Structures are given as C-alpha cells and as structure tokens.
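Coordinate analysis (summary)
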Amino acid sequence: MKITVKLFAYFRDNRFSIEEWDIEPNTTVGNIVDSLHIDREEVGVLMMNHKHTKFEVQPQTGDILAIFPVVGGG
Amino acid sequence: MVDKIFRVNMTDLTTSVEEVPEAWAGHGGRGLTSTIIAEEVEPTCHPLGKNNKLVIAPGLLSGTVAANSGRLSIGAKSPLTGTIKESNAGGTSAQLLAKAGCKAVIIEGLPKEDKWYSLAITPAGVTIKEETERIGMGNFDVIKSISPEHDNKIGILTIGQAGEMKMTSANISIQDPDGGLRSCGRGGLGAVMGSKKIKFITIDPEGGKVDIADPAKFKAANRTFAKALAGHPISQALGAYGTNVLVNIINESGGLPTKNFTQGQFADHEAISGETMVDLINERGGKAKHNCHAGCVIQCSQIYNDAKGNKLTSGIEFESVWAMGADCCVADLDCIAEADRIMDDIGIDSIETSVAMGVAMEAGVLEFGDGVEICRILRDEVTKGTALGRIVGNGTGSVGRSFGVTRVPVVKNQAIPAYDPRAIKGMGITYATSTQGADHTMGYTITTNILNVGGQVDPLSKEGQIELSRNLQIATAAIDSTGMCLFIAFAVLDDETCLPALVDLLNARFDIALTIDDVMSLGKHILKLERKFNIAAGFTAADDRLPEFFYDEPLAPHNVVFDFTAEEIDSFWNF
C-alpha cells in the first residue's frame, strides 16, 4: 500500500524531506513515526491529506502524511 | 526615576513634561496608547490632520531586565483603516525610553511652516530641532548618519520616504542592537509621523534606570519566567528557524494564501520555506539566530546574507516571505530578501505592500512571479512617489480601487496576512472583529487551529472559533500592555508557571497586587475602549465582515468558503 511521507524542520536531519513508502495494511501513523526513530513526544503536528490526524489512524493508499516537530511562528 | 508624560506640540513647537494622571498609571504599551487616544483624540478627525496625535509608549515592564520585554507601542488614529491603531515592535527604543523616565510621548498638532524637524528625548524632556540634511533619506542612511558606530546607548525612531510622503502603508522604524531595523509596521503610523513633519526621534536615557519596587521578588519571578520561555519547544524552534518555519506547515494545512488568495497552497513552497532559508543563511555565513532587543531569550530574528556573503536583510518574517513569495508567486528568497530590505529602507509595511503587489498582479500591472519588477516598482516608483508608487504605497485597498479589482483581501482597508480565513476559520473571526483591521497578531488562533498549542480547535470547522479568537484577543491586549513580545504566548498557553510569573513581575515592579483575573480584565477593558473609539469614528457591525469573495469562492485544496453568519460574527462582542 503506497503512501507519501513528508518530514519538516529538524526531523529532516539525517532522514529525508519526502518519500514514497510501501506500508503493510493496519500500519498506524504512530508505527511510522516510531520506525523513523522520532520520539512521539517531539511530534507537534500530524497531518494527513492536509487535515490534522492522530497516531492511532491507519493511512490508506495514496494518503499524504506530514510529520512536524513542535514549531511555531507568527 | 518617576515616570512622566512627555508632550510635544508641533503647532507652536513647544514641549512639556507632565505628571502621569492617576487614570493612566496602571497602563503601559497598547493599553496606554489606546487610553490616551480615546481620551484626547476626536474619533472623527482626519488621521493626517492637526487633531490626530501620535502616542509612543514603552510597556509596563520595558527597561527592566525581564526577559523579552523590549516591545515599543506606537498608536494613533490610523490613516489606513480609520480605526484606533497600535503597532508594536522590538528594537532598543522601548527599553531606552523607559530608562529615560518616559511613560509616554504624546505628539500633537501640525507645524505651521513647511519645515521638517527631529525630536531628541532625554530624561529632562524633549527638544525639537529643525531638520534639513536627512530629508529624502531612506531609514538606513538616517540611522548611519546619526549613529555611525551603532551606539546602542541611543535609540532611534525614523521614517523613510514613504512616511515623508504620507503614504498610508508607511511604518515607523526602530533601530535594533546591530543598527538594523524593526518596524511598527501596520496601519500607516509613519504617515502620521510624516504629517507632523518629524523625520526621526532620538532617545538618550543618559544612564537612567528603571526603579523596581521589590528587586528580590522581581529577580525570582524573572528567573521562573525566563525558564518557562526558553524551555518551551516553540521558543527553541523559533530560534532555530525563525517565524518562516511556518511556510511549510501553513502550506500543508491548505491555508497559505497563494496567487492573490486564489489557492491555499503554493507549488514552490519549499523554495521559500524556513528550512531552505536556514540552509542558505548557514551556507553564506549569516546568522540563523539573532535578537531584536537585549534580553530576548527566543531570538527569532536572523541575518540573511546575499550570495556573496554580504548582509542583505535582517528579521525577515514569515508574513513578509509569504506575501512576496506565495501571494505574489515569487519563488526566490534572494529576491524576497531584497524587496524586504528596500521596504525597510523606504519605511513601508511589508505585509500591506506585498499584498498590494499581489492585487496589482491580478490587475495586470505586472506578472505574477516577477520579483525583479516588484523591486523595480519599490525603488523607482514608491521611493520616488510617482503616481503608481503612491497607488501601491497607499496599500492593498488603494490598488484594488485604482485598477477595478474585486478580489481585494482587506478588512477595514488593511491587508489580510498569511492565513486564509476560509481554511483557518479562527483567523477569519480575528480579521473580522479586530479593532484595528485585519491583523493576525490581534488574536493568533494559529496556536490552537494549527499548532496544537493551548488545545486543539479544528481549523476547518466553525465550532469553537469565536470563543478562541475572543480569548486570544483579550489576552493579547493585556500582553501588548506589558511590553512583552507576543511570542511569550506559546509558553503562557502551555506552561502553568509562565503567566503567574509574568503577573509577579508586574507586582514586583510597581509594588501592587494584581491577579491573573485583573490582567484579563485589563485586556477586556482595552478591547472595549478601542471598539468604542471606532464606533464613535463611524464604524458599525457591517464593517466587521470579510470581503465578499471569501464567502463565495471555494479555496483549494479543501474547497471551503468562509461561512460565518453576520450574527455569529457579532456574537464575538458578547463579553
């Protein structure tokens, strides 16, 4: 099942900005974060297809998952 | 040193030093500028006429060692919006003005003769001098000519050519610790200073210090406060990436206004993102971290060098990058930084002017994406005050009216900043109801709509947005009175030690016994006072609306419109 994973800010360091992933069915957003060795505590915002999502959600084929650390501005 | 009111009458060129009236004693920053304007300025006056007043006030904690307390508030009736206005910025002047024993400067009247002046502020009061040599100069030359060695003991406020020409997007610039500029950007306050024929103001506290009623309590409170600020992960991210880290996250949310507010995402967002900007800054020997005033523990500013390693601009903010970048479709950070520098030098609001360029692009004055032409228009038209330059320099609404464009993103004639109100609905409530026209900083719902700070309110749903915007607008009015940078809000919302420490700082400074409820009551009072001024100036609920196109042009990728009814918007004021 193919999805797109995007990382932002310092989550990109020694990882990537954007990749196509082939994931098993029933994989959760949390599983993906864990497999990237990102501490869930450091995650500020998760978006799937441009809407907020949660660690428990299971991505579907074609989904775009964006993972941000705690950031802000204004 | 006991604080005084410094009054300057430009009609008869006299100055005076006055006791602080009891009713003003508990106010500072925005609370004080708005209180003075509400009391002394006729709401129906012409903003550029003899009856408007320019009020400059440090915050209640300015001049102390309290972390992040270096914001200076400047207020007047705005020539851009016609509403009451307060615009605040960092730089060194708030701290120096407080150390000079000045609670506020009130500048009134208009000179009878066609001459320019400067003001010199010391603890003894204000001296007016005729000014000739710096007229027509940009802000950087003004600062260099006054303080060639960047003397940080002297504060400088200045207007560029835009302010001299009374353009309604003109700002007032404040020298930062490195001779760079911070701007009281919004609402055309530079035009008010220009109408009073004041080119620049210097502030020399002559070694003066701010009295602290209870130094031990103050020190302890500041330790807790600074720790809460510096320890918050958003503070750390702001230091690492600057505010421009928001390009990618707002783009991902589908709320990044693009191509004059016709799309919610910019295909070239990576090229202008905070991540790309920091890489470029590091490659070119700039500074990713930089403070706009002494005592800032966040350091969201930066120094951006050109490809040859020479300083191009500093303090380039997300809103400026978004406006020149996504809204005008310019995918070139160097070009955006150059435009930012020119706008700093001319002394013109980088949000208003850039959004105006987006409308000019829709009108066909120039092509979307043509950053070179933007810089040319700024240099050759706005700086010189040609007809096109004045149309642009008078803001987004001016460009829309001049060229017959109907998609003009303004509220109360002030340009809407970097968050589309259709996809981030809390911001729409803030834009509509703000007492000062569209302004993200008045009630920054991005915290809770996007960043998951202070809870979560779905940006695409109407639910909870009015209450969110109301609470943030009240808290912001209070924070804007302290002289604190608004970026303390992230820690205030998330860290339970932060707000009590801020209240303790106020209590220790003045030997008073404020509670958190008192501070929130102050915020409510300021908002209602500002609204009362606007109503007396002729504004009604019908002005608290977004432009028509937000209600009937769906925004991709979510294909949403702004769908609050008039009654729902008006319920904002039920407090």
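Refer to the structure above for everything that follows.
So, here is what we can say about the structure in this document.

A word on the pattern of salt bridges
- Applying the stated criterion across every chain, the model contains 36 salt bridges over all chains.
- With its nearest N and O atoms 2.5 Å apart, the salt bridge here joins arginine 12 of chain A to glutamate 270 of chain B. On the criterion of chain membership, the pair formed by arginine 12 of chain A in the loop between strand 1 (2–7) and strand 2 (18–22) and glutamate 270 of chain B in the loop between helix 8 (246–253) and helix 9 (274–283) is interchain, its members lying in two chains.
- For arginine 12 of chain A, a relative accessible area of 14% puts it in the buried group.
- With a closest N to O distance of 2.4 Å, arginine 379 of chain B and glutamate 338 of chain B form a salt bridge. Placement of arginine 379 of chain B in helix 13 (residues 371–382) and of glutamate 338 of chain B in helix 11 (residues 333–346) is noted, with a sequence separation of 41 residues between them.
- Taking the relative accessible area as the measure of exposure, arginine 379 of chain B reaches 40% and is therefore partly exposed.
- Judged by relative accessible area, glutamate 338 of chain B falls into the partly exposed class, the value being 27%.

So, the side chain of glutamine 473 of chain B
All names here are of chain B.
- Here glutamine 473 is to be found in helix 18 (residues 465–482).
- Exposure remark for glutamine 473: the relative accessible area of 1% places this residue in the buried category.
- A polar atom in the side chain of glutamine 473 sits 3.0 Å from the side chain of threonine 433.
- Once residues within four sequence positions are removed from consideration, glutamine 473 is found in contact with Ile429, Thr430, Thr433, Ser434, Met442, Gly443, Leu527 and Phe572.

Describing unusual backbone geometry
- Cis peptide bonds are those with omega within 30 degrees of zero, and the linkage from alanine 556 of chain B to proline 557 of chain B qualifies with 5 degrees.
- Here proline 557 of chain B is to be found in the loop between helix 22 (549–552) and helix 23 (566–570).
- Its identity is not glycine, yet asparagine 49 of chain A carries a phi of approximately 50 degrees, on the positive side.
- Looking at the secondary structure, you find asparagine 49 of chain A in the loop between strand 3 (43–48) and strand 4 (51–52).
- The phi dihedral of glutamate 206 of chain B falls on the positive side, at around 50 degrees, and the residue is not glycine.
- Position of glutamate 206 of chain B among the secondary structure elements: in the loop between strand 12 (198–203) and helix 6 (215–231).
- On the basis of relative accessible area, glutamate 206 of chain B is assigned to the exposed category, the value being 54%.

Conventions used here
- Numbering of residues starts from 1 in each chain and follows the order in which that chain's sequence is written.
- Here chains are named by letter from A upward and ligands by number from 1 upward, in the order in which they appear as written.
- Local features in this predicted model are restricted to residues of pLDDT 70 or higher, and side-chain atom pairs are both shown and tallied only at a pLDDT of 80 or more, whereas totals for entire chains, interfaces and linings draw on every residue.
- With hydrogens and water excluded, all non-hydrogen atoms of the structure serve as input to the side-chain values.
- Only one rule defines a salt bridge in this text: a Lys or Arg side-chain nitrogen within 4 Å of an Asp or Glu carboxyl oxygen.
- Starting at the N terminus, helices and strands are each numbered in turn, a helix being any DSSP run of H or I of at least four residues and a strand any DSSP run of E of at least two.
- Burial classes follow relative accessibility: with a 1.4 Å probe on protein chains only, a residue under 20% of its type's maximum area counts as buried, one over 50% as exposed, and anything between as partly exposed.
- Residues adjacent in sequence count toward polar contacts only when both atoms are side-chain atoms; beyond that, a polar contact is any pair of N or O atoms within 3.5 Å, and within protein one must be able to donate a hydrogen and the other to accept it.
- The contact criterion used is simple: two residues touch if any of their non-hydrogen atoms lie within 4.5 Å.

Coordinates in, geometry out; function isn't part of it.
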